[in-house]
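Breakdown of the fold
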Amino acid sequence: MSHHHAHAHQGEFDENAAAKLEWSDAMLLGHPPMDDTHEEFVHVVKALAASNAVTALGCLQAVEDHLLAHFEAERNWMVRTEYPNMDCHLDEHQKVLDTVLEVNRLAKAGQIGLRDVQRLAAALADWFPKHATYLDSALSAWISKRKHGGLPVILRRDVAAGVQQESTFA
C-alpha cells in the first residue's frame, strides 16, 4: 500500500464541503465500530456547520470530544493489531486535533467568530472523505485481515446506480 497523505493545506479547501457531506453506505469501510464512529463524525461536523452564535461553542466542543474519542479508538486498533502505517495515520490525526483544539480555545476566548467556526467545519468535511478513503480504508482492511484472515465484505445499500462498486471479497 502506498503512503498517500490526504493533508489539507490551510486555506485550500472546499468552502461548501460541509453542505455536501452526507453519511451513506458509500462511506462504509467494513469495520463496524469504525463505520459507526465515522457516521457520528459526519453528524457532529454537519451540526457544527449549521451552528449559530448561540450553538457554535457547544457544537465545537462536541466535535472536539468526538475527535478525542474517535482518534483514540483508531490508535487503540492500530496498537492492538500492530498496524505498520500507524505513525503516518496518527500524525494526520494530531494535525487535525491540534487545529480543532486551537479553534475551540480561540472561540471560547472570543477571539474568533462564527465564520471561523464554520470554516473549520468546511475544512473537516473536506478532509474527512480523503482521509477515510486512503488511510482509514487501509486500517479497516488491515484489521479485517488480522481478525478474519481476509478483506472485509462491505454491503452497500442505496448506492447510486452507475457508481462503480469495488469488490472487497478476498
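Here, every reference points to the structure presented above.
Since we're looking at a predicted model, the values are computed, not measured.

About the thresholds
Residues numbered from 1 in each chain as written. Predicted model: local features only at pLDDT ≥ 70, side-chain atom pairs only at ≥ 80, totals over all residues. Heavy atoms only, no water. Helix = DSSP H or I, 4+ residues; strand = E, 2+ residues; numbered from the N terminus. Buried < 20%, exposed > 50% of the residue type's maximum accessible area, 1.4 Å probe, protein only. Contact = heavy atoms within 4.5 Å. Areas by Shrake-Rupley, 256 points an atom, 1.4 Å probe, with all protein chains shown as cover. Core = buried A, V, L, I, M, F, W, Y, C linked by side-chain atoms within 4.5 Å. Salt bridge = Lys/Arg side-chain N within 4 Å of Asp/Glu carboxyl O. Expected span 1.5 Å × (residues − 1).

Okay, the overall build of the chain next. For the chain, the helix and strand inventory stands at five helices and zero strands. Start at the N end of the chain and walk to the C end: the helices and strands fall as α-α-α-α-α. Counting only residues that meet the buried cut, the chain has 41% of its 170 residues in that class. Intrachain contacts of the chain at a sequence separation of at least 6 include 73% that bridge at least 24 residues. Here the chain displays about 9500 Å² of accessible surface, and carbon together with sulfur accounts for 54% of that area.

Phi is positive for Glu82, which is not a glycine, with a value near 55°. By secondary structure assignment, the location of Glu82 is in the loop between α3 (56–81) and α4 (86–108). According to the relative accessible area criterion, Glu82 is exposed, its value standing at 56%.

Our focus in this paragraph is the nonpolar core. Within the largest apolar cluster, 39 residues are counted, with the highest numbers of intra-cluster contacts made by Val45, Leu48, Leu67, Leu124 and Phe128. Of all the secondary-structure elements, those providing two or more residues to this core are α1 (17–20), α2 (32–49), α3, α4 and α5 (114–148). Tallying contributions element by element places α5 first for this core, with 11 residues. Among all residues touching Leu48, those that are not within four sequence positions of it are Ala56, Cys59, Leu60, Val63, Val117, Gln118, Leu120 and Ala121.

Moving on, we come to the pattern of salt bridges. Inspection of every chain in the model, using the stated rule, returns eight salt bridges. Where Lys130 meets Asp126, a salt bridge forms, and the shortest distance between an N and an O atom there is 3.1 Å. Placement of both Lys130 and Asp126 in helix α5 is noted, with a separation of four residues, approximately one turn of the helix. What you see here is one network of salt bridges that share partners, running through Glu15, Arg115 and Arg119.

All right, on to α4 then. Taking 1.5 Å per residue as the helical rise, α4 with its 23 residues ought to reach 33 Å, and the 32 Å between its terminal C-alpha atoms agrees with that figure. Along α4, the residues classified as buried are Cys88, His89, Glu92, His93, Val96, Leu97, Val100, Val103, Asn104, Leu106 and Ala107. On its buried face, α4 sits against α3 and α5. Positive phi shows up at Gly110, right after α4, with a value of about 75°.

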